[in-house]
Amino acid sequence: MKTNKIKLNRALAMWFGLVVFAILPGATALADGTETLGTSSGPGCIMEGTDSYRCPGDGIVSAGTGMIEDNEGTIEFTVPAAATVETALLYWAGYNETGTSTDGDTITFDGNPIQGTLIGGPINIRPARPLFDHTYRADITSSVSAGFNSFVVEDMGFNFSKPGENRPVNNGAGILVIYTDGSGSWVDLRDGDDYAFLARSGDLQVTVPQVFNFPAAAVDRVANLDLFFSGVEGAASGGGQRPNLIRVTVGATEFIIEDPLNSVDGDEWDSYVNAVPVPAGETQLSVTAISDELAGASNPNEPASFSWHTIGLSISIPSTDCISVEKTCVVDPPEASTGKCKGKLQEFTVIWNGSGDIDVTHNGASQSVSPGVPTTFFQTDGNNDQFVQIDGLGESVFHMSCSDDDFNDPSDCGKPAGDGKGKTGFINDWSLDGFVDANGDILNCGAGAGGDQFPVAQSCDIELVRETPSKCKGKLKEFTVSWNGPDAVDVTHNGATQSVAPGAPTTFFVTNGRNDQIVSIDGIGKSQFHMSCSDVDFNDPSDCGKLAGDGKKNLSRFVNNWTLEGFVDANNKALDCNAGGGAANSGALVTYGYEVTNDGSEKVEGIQVSDDKLGLIGGTFDLESGESKRLTESTTLFETTTNIGFASVAGVARCQAESLPVTVTASFVDGTPDKKSKKSKKSKKSKKKKSKKAKKDKSKKSEKAKKNKKKKGKKNKKK
């Protein structure tokens, strides 16, 4: 599959790319690194879990300066005003020809000489004529504070000079600060020395990808990246832009940043900062620096050589002391009877409205009942009055003969209940939630007849009727086919191009009204699909899986290497080969429940609930510590569907929650119309109409005869 690239030049530039096939393994060193970056031993990063590191802090700021020109530079940056500085580290790097690690290990910082720790190198970056690269680090935490900071660095001691120049290669220096501001973020820092130059070989040609693992979140986030590089002979060196790339991979998305390194901090140092989007649920990010250019790029310069010294990542993480959300479902039954119950009730469901949990006994069976939870009692002894004993409180009575006007039809849903037909001395602190009468007719108040039954199931099942079109009618509006070739191909239809993988169903939409739709396959040829339903190999369920692509005429010049997966015809009848020959033409109503709880010790304001399939649920609300809120959302489903619920607070990325997935599983029954049955129904309706008409006519004749008789009687009287 092709990956589109776009050139971006500097910090905070980002690009949303296409799917990549794999994330390369990253370094697993426990401290610093040579020819790789390792987990920094400076700020005390520790292992959390089996594959992730975390450093104390919530965010990072960084800045740097090149120092080749006069071995002096100024580094300026701002730490957020309300933050606390956890760790501040000074890095510097340069070359010598001897490989001596003490050559260049000191630098003057803010007027005072300090000695650094060698964290990467010496690396011989020029094997034919030895030249050694070194990276040093010093802890300057005590010198950095919240707010604006400015420091002069000078007097680096590397002794190598470029041929013809009397300028030692003291490449530059950078300061990286990790701070805490209470935002609750994940911070990871890698440092060392990783050299790359396309003209070299082995480890010196490439860098080791740095893979970061962090906790998932229920909402989209941004990962902030801070990197230091040295040695790029960019515009400041008079050599012009030398090609380089930084590749960032997040889940299935690849970001390519072209030419970010160009001695932008001065000759020859680069501080690179970027903010990369991280979709909800993602837990991994990979970064690679590359000495090269994009394929087909026109930059004639030699690829950049550089040393990679640091990379810091900071990303918000959910708080465990905030909110949680649980998602549930219930399948709404068919419309309940709207009339009055008949005979004696077989069972009845009520909701306890008292202030606390109770223990109840009915017909010798005891159970615990909680407020607001529907409880069903079964009538097994045939008595008109069913008694329910409430431990420590008293007794309720429910009348079963359907003569209780407050307990016998949908208008009674939610009414107080428990005193039978108005008897005194009984506890009337229940509300009607439904019943089943002597005919098996069901009243379910929670299904929309006048109650508020909250969904409680973690998964649900629905049964759908599927009508299979015997043959398409009119012109197809869209068609779905699978490519049977051995490799992925790029195809173009009506001016739109997409990549198609073998075996993956691909849908083409008919927008130009033509009978023959042409699909161009890059490097292979063209396919033709006939839309008027007169192609006998492309118009009914028996054609599922048949070869397609040469239209109706079986012309050999077309590529006939697709198989039919489905279509939608002029009447919006759908054929879905994977669904067994047809799509559901009548869905099932499902109600989802979302219960959000404030698990923290303080009030949480501005909570919002959303669903990955249904979007926002209700409006924003607040919860006191320990308080919960329930919301519901109903939708009609036509297939098996898995949803996840989210709760979050706008602007507070750490205060968010994600529910367990809730799956509604669809099973299908054949709903293909039976012609005989239709005729039979039509005939019955016709007979019924005739019968009604005959009765009406007979009634009219009878009334007319009575009137005539009455008239005759009056006449006779007069006579």
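Just above sits the structure.
We now turn to the structure provided with this report. (Residues numbered from 1 in each chain as written. Predicted model: local features only at pLDDT ≥ 70, side-chain atom pairs only at ≥ 80, totals over all residues. Heavy atoms only, no water.)

### As for the overall build of the chain
Per the secondary structure count, the chain includes 1 helix and 49 strands. Contacts in the chain between residues at least 24 apart in sequence constitute 71% of all its contacts with a sequence separation of at least 6. Counting only carbon and sulfur atoms, one obtains 49% of the accessible surface of the chain, whose full area is about 34,400 Å². (Helix = DSSP H or I, 4+ residues; strand = E, 2+ residues; numbered from the N terminus. Contact = heavy atoms within 4.5 Å. Areas by Shrake-Rupley, 256 points an atom, 1.4 Å probe, with all protein chains shown as cover.)

### Observations concerning the pattern of salt bridges
Working definition: two side chains of opposite charge can pair if their charged atoms are close together. A full pass over the atoms with the stated rule returns 15 salt bridges. One salt bridge in this structure joins D406 and K415, with 3.0 Å as the shortest N-O distance. Judged by its relative accessible area of 27%, K415 is partly exposed. The residue K415 makes a salt bridge to D412 at a minimum N-O spacing of 2.9 Å. Given a relative accessible area of 0%, D412 falls into the buried group. (Salt bridge = Lys/Arg side-chain N within 4 Å of Asp/Glu carboxyl O. Buried < 20%, exposed > 50% of the residue type's maximum accessible area, 1.4 Å probe, protein only.)

### Observations regarding the environment of S143
Within the secondary structure layout, S143 lies in the loop between strand 10 (132-139) and strand 11 (147-154). Along the sequence, S143 and V85 sit 58 residues apart, while their C-alpha atoms lie 10.0 Å from each other. Those residues in contact with S143 that sit more than four places away from it in its chain are F109, N149 and F151.

### What about the environment of S368?
Turning to its location among the elements, S368 is positioned in strand 24 (residues 365-369). Overall, the relative accessible area of 60% leaves S368 in the exposed class. Measuring from C-alpha to C-alpha, the distance between S368 and D357 comes to 7.0 Å, with 11 residues separating the pair along the chain. Aside from chain neighbours lying at most four places away, what touches S368 is I358 and D359. Of note is the side chain of S368, whose polar atom sits 2.7 Å from the side chain of D359. (Polar contact = N/O pair within 3.5 Å; in protein donor to acceptor, adjacent residues only side chain to side chain.)

### Focus: the state of the cysteines
Simply put, the disulfide is a covalent bond whose two ends are the sulfur atoms of two cysteines. Here the structure, examined in full by the defined rule, presents 6 disulfides. Two residues share a disulfide in this structure: C329 and C460, whose sulfurs sit 2.1 Å from each other. Here the S-S torsion is close to 110°, and the disulfide linking C329 with C460 is therefore right-handed. Taken together, the residues span a long stretch of sequence, with C329 in strand 21 (residues 323-331) and C460 in strand 31 (residues 459-466) at a distance of 131 residues. What pairs with C472 in a disulfide is C533, and their sulfur atoms sit 2.1 Å apart. Within this pair, whereas C472 is found in the loop between strand 31 and strand 32 (478-483), its partner C533 is found in the loop between strand 37 (525-530) and strand 38 (547-548), the two being separated by 61 residues in sequence. The exposure class assigned to C472 is buried, which follows from its relative accessible area of 4%. (Disulfide = S-S within 2.5 Å.)

### What about the sheet that holds strand 23 (residues 358-362)?
Strand order in the open sheet made by the 4 strands is 24-23-26-27, with antiparallel pairing throughout. With partners counted over all chains shown, the strands left at the sheet margins are strand 24 and strand 27 (394-399), one partner each. Taken pair by pair, the neighbouring strands of this sheet meet at an average axis angle of 30°, ignoring direction. As paired elements, strand 23 and strand 24 share 5 bridges and run antiparallel to each other. Bridging across to strand 24, H362 finds its partner in A365. (Pairing = 2+ DSSP bridges. Axes fitted to C-alpha atoms, helices over the stretch in contact; angles between N-to-C directions.)

### Here's the deal with the packing of aromatic side chains
Under the criterion given, the structure shown has 23 aromatic pairs. Here F109 and F151 contribute two aromatic rings whose centre-to-centre distance is 4.9 Å and whose plane-to-plane angle is 35°, an arrangement assigned as tilted. Residue F109 is found in strand 7 (residues 106-109), and its partner F151 is found in strand 11; the two are separated by 42 residues along the sequence. For F109, a relative accessible area of 4% translates into the label buried. Taking relative accessible area as the criterion, F151 reaches 5% and is therefore assigned buried. Where F387 meets F426, the ring centres are 6.0 Å apart and the plane angle is 40°; that geometry is what we call tilted. Note that F387 is positioned in strand 26 (residues 385-390) and F426 in the loop between strand 28 (416-417) and strand 29 (430-436), a separation of 39 residues in sequence. (Phe/Tyr/Trp six-rings, centres within 6.5 Å; stacked < 30°, edge-to-face > 60°.)

### Focus: the nonpolar core
The biggest cluster of nonpolar side chains holds 29 residues, and the ones touching the most others in it are V248, L285, V287 and L313. Counting only elements with at least two residues in this core, the list comes to strand 13 (185-196), strand 15 (221-230), strand 16 (245-250), strand 17 (253-258), strand 18 (269-278), strand 19 (284-290) and strand 20 (306-316). The element contributing the most residues to this core is strand 20, with 5 residues. The residues touching L285, leaving out its near neighbours within four places in the chain, are Q210, V211, F212, F214, A223, L225, V248, T249, V250 and L313. Core analysis: the next-biggest nonpolar cluster, separate from the first, contains 27 residues, V609, F621, L631 and V649 among them. (Core = buried A, V, L, I, M, F, W, Y, C linked by side-chain atoms within 4.5 Å.)

### Considerations on the sheet that holds strand 7
Overall, antiparallel pairing links the 4 strands, which are arranged 5-11-7-8 in an open sheet. Strands with a single pairing partner mark the edges of an open sheet, and in this sheet they are strand 5 (72-79) and strand 8 (112-115). Averaged over neighbouring strand pairs, the angle between their axes works out to 35° when direction is ignored. Both strand 7 and strand 11 contribute to a ladder of 2 bridges, which runs antiparallel.

### Notes on the pairing of strand 15
Of all the 10 residues making up strand 15, 8 are buried; the element is thus mostly covered by neighbouring parts of the structure. The pairing of strand 15 with strand 20 spans 7 bridges and is antiparallel. For L227, the partnering residue across the bridge sits in strand 20 and is I311.

### Considerations on the pairing of strand 47 (residues 645-649)
Among the 5 residues that make up strand 47, 5 are buried, leaving the element largely enclosed by the rest of the structure. With 5 bridges connecting them, strand 43 (residues 604-611) and strand 47 associate as antiparallel partners. In the strand pairing of strand 47, V609 is matched with A647.

### Describing the environment of L432
Within the element layout of this structure, L432 appears in strand 29. When near neighbours in sequence (up to four residues on either side) are disregarded, L432 contacts T349, V350, F407, D409, D412, C413, G414, K415, L443 and C445.

### Re the side chain of N171
One can find N171 in strand 12 (residues 170-180). Look at N171 and you get buried, because its relative accessible area is 0%. Residues within four places of N171 in sequence aside, it is in contact with T65, G66, M67, I68, A93, G94, Y95, S230, G231, D267, E268 and W269.

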